[in-house]
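Each chain, letter by letter, is given below.
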Amino acid sequence: MVSPSRKPSVSNNMAAPGRHVGHYIQRNSRVLLNNFEQLWSHRNFGWTSALRQQAAEANKEPTDTIVIPRKKTWSKEAVLEALSSTVGRDPTAYPYNFQDDPFLSPRTVNEFKLYSLSKESGTSAAKFFINNNPKYFTTDFAEPHIPCLMPETLSLLLEDVSEEALKERVSLRKVTAAVEMYDQLLQSGTAVSMETTYDLLDLICLYCDRDPTEEGEPQSEDMEEPGEEFSWKENNNAERIFNLLPERDTRCYSALRGMVKVRTLTAGGGTEPHAKAFSIYTDLLNNRLTADVHIFNALLTAAPDVRDKYNERWDLLAELLNQMSQQKVQPNLSTFNSVLKALRRCGSLAKTQAIRTLNEMKAMGIAPSLASYDHILNAFSKAGSDVRVEGRSFTCQDPNDVLFFSTAMRICLNNKDLELGYWVYNLVEHGENWRLLGPLYQQGSFYRCFFNLLCMMEHIDVVLTWYRKLVPSLYYPNTQVLKDLLQALDTDSRLDLLPTIWKDIRALGHDNKTDLVEELLKLMARDKHSAENTSEADGRKKPMEWSTNSLSNITSLLLETLKLFKSKNRVPKERLLEDFLSVCCSDGSSQRAVELVQLSAAFCLSATPKLAKRTLAEAVLSELESTGESSG
């Protein structure tokens, strides 16, 4: 007999096998499903390999972690740059620097020059006022910050005699004040560090021992004219400070390279600064010092000025290059540009040595700049060389880089190479290469040569397309360019466009140029129109019937025009009087014909009897015709 206390244990023992079975099924269910899917996938029920691959990927557990990319940081000008990239140049608009003020929208080339100079003068005056009164311009509303619109620190803050005060004057480019402070420091027995002394020498050599003219500052009477080259004076502060140095190294000699920055002829016809520079270089070698690349670049630039013959100039250049190699000085781009620039003054040697120099640049892995190609073009311009530069964006690496495009287009015009001219223009339009066109007069020279080349070599329809693209947004043509355009119209027999060109001539302010107006009138007079073409009207309108009174009035106006010859003391041509007499006779204006004969007699022309006889004959014929009509 089983006690009640034993019943629960019996039931638990009976349920144990069920729990084990359920646990076994749950544990192995995933294995059974995987085996079943593998067996199912092997059956040919239309499953493709792609589906089986998707099923296998779905069964894999995700082991790859999701990497969230970092937040993209955009510059403050990113939106403006994106908007600018979507907008092209409007060929019908004025240049960008005139779009701020509608009043400063030039219509002629003279107004373009005047408004450009006026705007630059106003900008300079504003900067001068802001820099001299910085306390009134402390608030900065610009976002992002525009440093060039804020006042510069130009006033001296340190008045005591110290090296810090000297550094302040050097940083503010106060040449005279810096030299005076240096002298005061020496007089007080205060030692000046060599680094500060070198910076002072650099400043003196950069501005030729004089204070630079601030932007917008009025020039005094003793200042040199704009564009006049600065000259070094004898016993200048640079030489004086150089001679006072207790010890000298390459850096102090390098500071004197400013002596070859300008070409200044002395009264005796020599080149004193350049000869002095080579003398200082000899002193450097005597002190067993090694020159740096900046010293060699300056000497290479000055080499043609200390030798007279072409072969002597090249020998000096080769000697300097050999000394660079011996002193293990690595040349840079400015070194080769200095050599190429000097070769332009070496006559026939320039062609052979320029190619060797260019090959040496490539061997050393130095990419030529636009200035390098400009020097090569000038060396080979008479031979019509073709120097191709790959279409890419350039940056200014040499002060002479801005001369390349104008020189290249001028050579294209001289050689009448239209294809190369298009290629140079496309290179300017690539990226921001247009920034290297140089100042306004060089830009005008570039577009003038390009348009002259088009007028000479291209079809008139293409010429007019470029004309509308360039004028007035990029270029204001002069009188000669407009005359070339008129000749292109004449060559392609498109004199019907003369009225349109005349409107542009008036808009550009060239309607008072005598030679241009005469060229236009000559083409108009030579273009003979028949009566049908003259009275031809628009197909949508009824042609106007010319009455006798209308033609007589026109003839009267033309006769008044002939009287201008007498008022201006000019003698008309006989052919003109004969043509006008024919018009008077055809219109039955006998009175106008008589006035024409009187005008011819006033000029004492030899054709007066002939005109009078013809007028009399036409009058008798007209009278006979009128008598016959009345009798009939």
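Residues numbered from 1 in each chain as written. Predicted model: local features only at pLDDT ≥ 70, side-chain atom pairs only at ≥ 80, totals over all residues. Heavy atoms only, no water.

- The name recorded for the protein chain in an unreviewed UniProt entry is Small ribosomal subunit protein mS39, from Dissostichus eleginoides.
- Per UniProt, the protein chain has the following entry under Subcellular location (unreviewed entry): "Mitochondrion".
- What the UniProt record of the protein chain gives under Sequence similarities (unreviewed entry) is the line "Belongs to the mitochondrion-specific ribosomal protein mS39 family." (UniProt positions renumbered as here; feature names shortened; annotations may be inferred.)

### A closer look at the pattern of salt bridges
Pairs can form between side chains of opposite charge once their charged atoms are near each other.
For step 1, the next point in the chain: Per the stated rule, a full pass over the model turns up 14 salt bridges.
For step 2, the next point in the chain: Of the charged contacts in the structure, one is a salt bridge between Asp 515 and Lys 483, with a shortest N-O distance of 4.0 Å. Pair noted here: Asp 515 is in helix H22 (residues 514-526) and Lys 483 is in helix H20 (residues 479-491), with a separation of 32 residues, a long-range link.
For step 3, the next point in the chain: For Glu 519, the salt bridge identified is with Lys 522, shortest N-O distance 3.6 Å. Placement of the pair is Glu 519 and Lys 522 together in helix H22, with a separation of three residues, close to one helical turn.
For step 4, the next point in the chain: Judged by its relative accessible area of 15%, Glu 519 is buried.
For step 5, the next point in the chain: For Lys 522, a relative accessible area of 47% corresponds to the partly exposed category.
For step 6, the next point in the chain: Each member of the salt-bridge network shares a partner with another, and the members are Glu 159, Glu 168 and Arg 169. (Salt bridge = Lys/Arg side-chain N within 4 Å of Asp/Glu carboxyl O. Helix = DSSP H or I, 4+ residues; strand = E, 2+ residues; numbered from the N terminus. Buried < 20%, exposed > 50% of the residue type's maximum accessible area, 1.4 Å probe, protein only.)

### Quick word on unusual backbone geometry
Peptide bonds are, in most cases, trans, and in most cases residues other than glycine have a negative phi.
For step 1, the next point in the chain: Here the residue pair Val 471 and Pro 472 is connected by a cis peptide bond, since its omega of 0 degrees sits within 30 degrees of zero.
For step 2, the next point in the chain: Along the chain, Pro 472 turns up in the loop between helix H19 (460-470) and H20.
For step 3, the next point in the chain: Notably, Arg 173 is not glycine yet its phi reads approximately 60 degrees, a positive angle.
For step 4, the next point in the chain: Judged by relative accessible area, Arg 173 falls into the partly exposed class, the value being 42%.
For step 5, the next point in the chain: You will see that Lys 328, though not glycine, has its phi angle at about 55 degrees, which is positive.

### Considering the packing of helix H11 (residues 293-302) against helix H13 (residues 333-343)
For step 1, the next point in the chain: Where H11 meets H13, the axes come as close as 8 Å, and the angle between the chain directions of the two elements is 10 degrees. Our classification of the angle between H11 and H13 gives roughly parallel. Along its contact with H11, which presents Val 293, Asn 297, Leu 300 and Thr 301, the element H13 presents Ser 334, Thr 335, Ser 338, Val 339 and Ala 342.
For step 2, the next point in the chain: Its residues placed into classes, the contact of H11 with H13 shows four nonpolar, five polar and no charged. (Axes fitted to C-alpha atoms, helices over the stretch in contact; angles between N-to-C directions. Parallel < 35°, antiparallel > 145°, perpendicular 65-115°, else oblique. Contact = heavy atoms within 4.5 Å. Nonpolar A, V, L, I, M, F, W, Y, C, P; charged D, E, K, R; others polar.)

### Quick look at a nonpolar patch on the surface
For step 1, the next point in the chain: The grouping of Val 79, Leu 80 and Leu 83 at the surface amounts to a nonpolar patch, some 320 Å² of accessible area in total.
For step 2, the next point in the chain: Mapped onto the elements, Leu 83 comes out in helix H3 (residues 78-85).
For step 3, the next point in the chain: Taking the relative accessible area as the measure of exposure, Leu 83 reaches 51% and is therefore exposed. (Patch = residues over 30% accessible without salt bridge, like charges linked within 9 Å, V, L, I, M, F, W, Y side chains within 5 Å. Areas by Shrake-Rupley, 256 points an atom, 1.4 Å probe, with all protein chains shown as cover.)

### A short note on the packing of helix H18 (residues 440-457) against H19
For step 1, the next point in the chain: Viewed as axis vectors pointing N to C, H18 and H19 meet at an angle of 160 degrees, and their least axial separation amounts to 9 Å. When the interaxial angle is binned, H18 and H19 end up roughly antiparallel. Of the two elements, H18 crosses H19, and the hand of that crossing is left-handed. Across from Tyr 447, Phe 450, Phe 451, Leu 454 and Cys 455 in H18, the residues of H19 making contact are Val 463, Trp 466, Tyr 467 and Leu 470.
For step 2, the next point in the chain: For the contact of H18 with H19, the residue count by class is nine nonpolar, no polar and no charged. (Left-handed = near helix turned anticlockwise from the far one by under 90°.)

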